[in-house]
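Coordinates in review
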Amino acid sequence: MKCLSMMAAVAVMTVLLIPASNAAVVPPGVKLANVQELVRDNGVEPASLDPHKVEGTPGGHITRDLFEGLVNQDADGNIVPGQAESWLVSDDNKVFTFKIRDSARWSDGSPVTAHDFVYGFQRAVDPSTGSRYSWYIEKTTVINASAIIRGEKPASALGVKALDNRTFQITLEQPVPYFIKMLAQHTTFPTHRATIEKYGDEWTRPGKMVSNGAYRLDEWVVNGKIVLKRNRQYWNDKETIINQVTFLPVASDSAKLHRYKTGELDMTDTVPLEHYKNLMKTIPEQVKTSPELGTYYYSFNTTRPPLNDVRVRKALSYAINRSAITDYILGQGQKPAYAFTPESINGFTPPETSFSKLTQQERNQKAAQLIREAGYGPDKPLEVTIIYNTSEAHKKLAIAIAQMWKPLGVTVKLENKEWKTFLDMKRNNRFEIARGGWMGDYNEASTMLDLHTTGHGQNDARFSNEQYDELMKKSRRAETEKERNALYSRAEQILAEEMPVAPIYQYVNSRLVKPYVGGYPINNVEGTIYTKDLYIKEH
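Residues numbered from 1 in each chain as written. Predicted model: local features only at pLDDT ≥ 70, side-chain atom pairs only at ≥ 80, totals over all residues. Heavy atoms only, no water.

Per an unreviewed UniProt entry, the protein chain goes by the name Oligopeptide transport system substrate-binding protein and belongs to Endozoicomonas lisbonensis. Reading the Subcellular location (unreviewed entry) entry of the UniProt record for the protein chain gives the comment "Cell envelope". Under the UniProt heading Sequence similarities (unreviewed entry), the note attached to the protein chain is "Belongs to the bacterial solute-binding protein 5 family." (UniProt positions renumbered as here; feature names shortened; annotations may be inferred.)

Here it is, written out as structure tokens:
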């Protein structure tokens, strides 16, 4: 009967072949340690653990362990079932119907239902939630998401519904070929309605939070540590091995190296730049480096002088010697970035841009010409301020870039900010130039290029270009990958001409990982790590 009901709701359905679920896979012969506890460096303190309010990777690392959406990623970044055991897609690729696992449970033992997903999706777009990631649901084109975010319709009008307790359905306004890939991101995770309504903003505190992932929140010492313990109610708890994971906010590169060497950390979030070459000589098996789906960049505030002048933005961008940065300052395999989309993205090759074809000497000459045309020079020096969040690496780069801008007569003031303050300044448009790093939410070029559309929640530069917006809209209606990639290439050319951001380098993912940590997903270019997929070997 359930099948008949679904067939009535959607004209023609196609059953997808679903791969096996992912979990910790221990090779034959490997002996596990008696104590299964992991300590991870998280870089900084997360601003929130609410999956609908998380910004940046610090919160993403932890919410991925606490909560689970309809799908997950495996060690290679492929989509595998999560809370949904299977799904159906209509022939027009607009209606997606998910079957929630009968064994899916919240950490308090209550069942995870389709109604929980309806609540989660509606909460993510409801303006009263204040999510900085509500745009993410809008980009999926779920029916009425845009109107709800603008406050023109109630959250209940969103194109999601529970056909019964275990059947959740999403309807899109237009087909999005990579829609399933987008569902492994935290904004699409369910949240526990009764807990949120009972505790309000306090619901993410220990003793109050109810989650549905492989772990539950046990302890949160602000700026000290966040401890998660195994959620025995998790549907795949029988294949989870690590019992406890602790996240430490270690911002200092020298401190994280020291704590790793003394055994306080089992895994770092980055590798200190100045120690990388030596570590590669002394403990190469513990240095894990792989391409990452992300770009490091500087945002220019296009709404405030002097950065509202495209000549100034282009001059500053041209004068950044990207090869010097990747070769002599970073030296971990990063590549210079002259487009915003990294080369590691699946299915799209970033185009050559007008300034990527020039030599650095030619770029410097163009930069000097542009800065003069903008009216700056010895009698009127350009003064700008760069803000960055606490990190020795960010500071080192900012100092180098300030030196590269000196020949243009540019005076740079550097301001270091704590993570929450840094986010707040960007959110409230209180900066001139801000360092940025964007990691793709899914492996498709739109995850990078959508960032610069008008009104996007993470468009820190406040860039607005009608032609660019239209290209990105058209890309969702493109019927072939070739047509879609041509639109992406044109979008990249607009970014190169308008320069709202200066792409600087393409990320690599570098971490120190103890030899006794098993299951590390080195081939996942999104840098996605689920603690449930790791294990500790006897050592």
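On we go from here.
A word on the layout of surface pockets. In this structure, the largest pocket occupies an estimated 670 Å³ of space. If you go around the largest pocket, you meet 29 residues; those closest to its centre are E138, K139, S146, T454 and K473. For the lining of the largest pocket, the secondary-structure elements that each account for two or more residues are helix 3 (114-125), helix 4 (134-139), helix 5 (145-149) and helix 16 (466-477). In terms of residues, the lining of the largest pocket owes the most to one element, helix 16, which gives six residues. A per-class count over the lining of the largest pocket returns eight nonpolar, 11 polar and 10 charged. Roughly 450 Å³ of volume is contained in the second largest pocket. Looking at the second largest pocket, it is lined by 22 residues, and the ones nearest its centre are D50, K53, R123, D201 and W203. When contributions to the lining of the second largest pocket are tallied by element, the ones reaching two or more residues are helix 3 and helix 7 (193-199). For the lining of the second largest pocket, the element with the highest residue contribution is helix 3, accounting for three residues. (1 Å grid on protein atoms, 1.4 Å probe; cavity = no way out; pocket = protein on both sides within 12 Å on 5 of 7 lines; lining within 4 Å. Points joined across faces, edges and corners; volume = space filled by probe spheres on them. Helix = DSSP H or I, 4+ residues; strand = E, 2+ residues; numbered from the N terminus. Nonpolar A, V, L, I, M, F, W, Y, C, P; charged D, E, K, R; others polar.)

Viewed as axis vectors pointing N to C, helix 10 (residues 310-318) and helix 17 (residues 481-498) meet at an angle of 100°, and their least axial separation amounts to 8 Å. The angle between helix 10 and helix 17 places the two elements in the roughly perpendicular class. Residue-level inspection shows V310, R313 and K314 of helix 10 in contact with helix 17, the latter providing A496, E497 and E498. When the residues that make up the contact of helix 10 with helix 17 are grouped by side-chain class, the tally is two nonpolar, no polar and four charged. (Axes fitted to C-alpha atoms, helices over the stretch in contact; angles between N-to-C directions. Parallel < 35°, antiparallel > 145°, perpendicular 65-115°, else oblique. Contact = heavy atoms within 4.5 Å.)

One face of the sheet, then the other: side chains in a regular strand alternate in exactly this way. Burial of strand 12 (residues 287-300) is extensive: 11 of the 14 residues sit out of reach of the surface. Bridging between strand 12 and strand 17 (residues 501-512) involves 10 bridges; their strand directions are antiparallel. Across the sheet, the residue bridging to S290 is N509, located in strand 17. Direction of pairing for strand 12 relative to strand 16 (residues 433-439): antiparallel, over a ladder of seven bridges. By the bridge assignment, Y297 is partnered in strand 16 with G436. (Buried < 20%, exposed > 50% of the residue type's maximum accessible area, 1.4 Å probe, protein only. Pairing = 2+ DSSP bridges.)

With mixed pairing, the six strands of this open sheet are ordered in space as 13-17-12-16-14-15. Looking along the sheet, the strands with just one partner apiece sit at the ends: strand 13 (335-336) and strand 15 (410-417). Sheet strands touched by helix 14 (residues 419-427): strand 14 (382-389), strand 15 and strand 16. Its angle to strand 14, the strand with the most contacts, is close to 130°.

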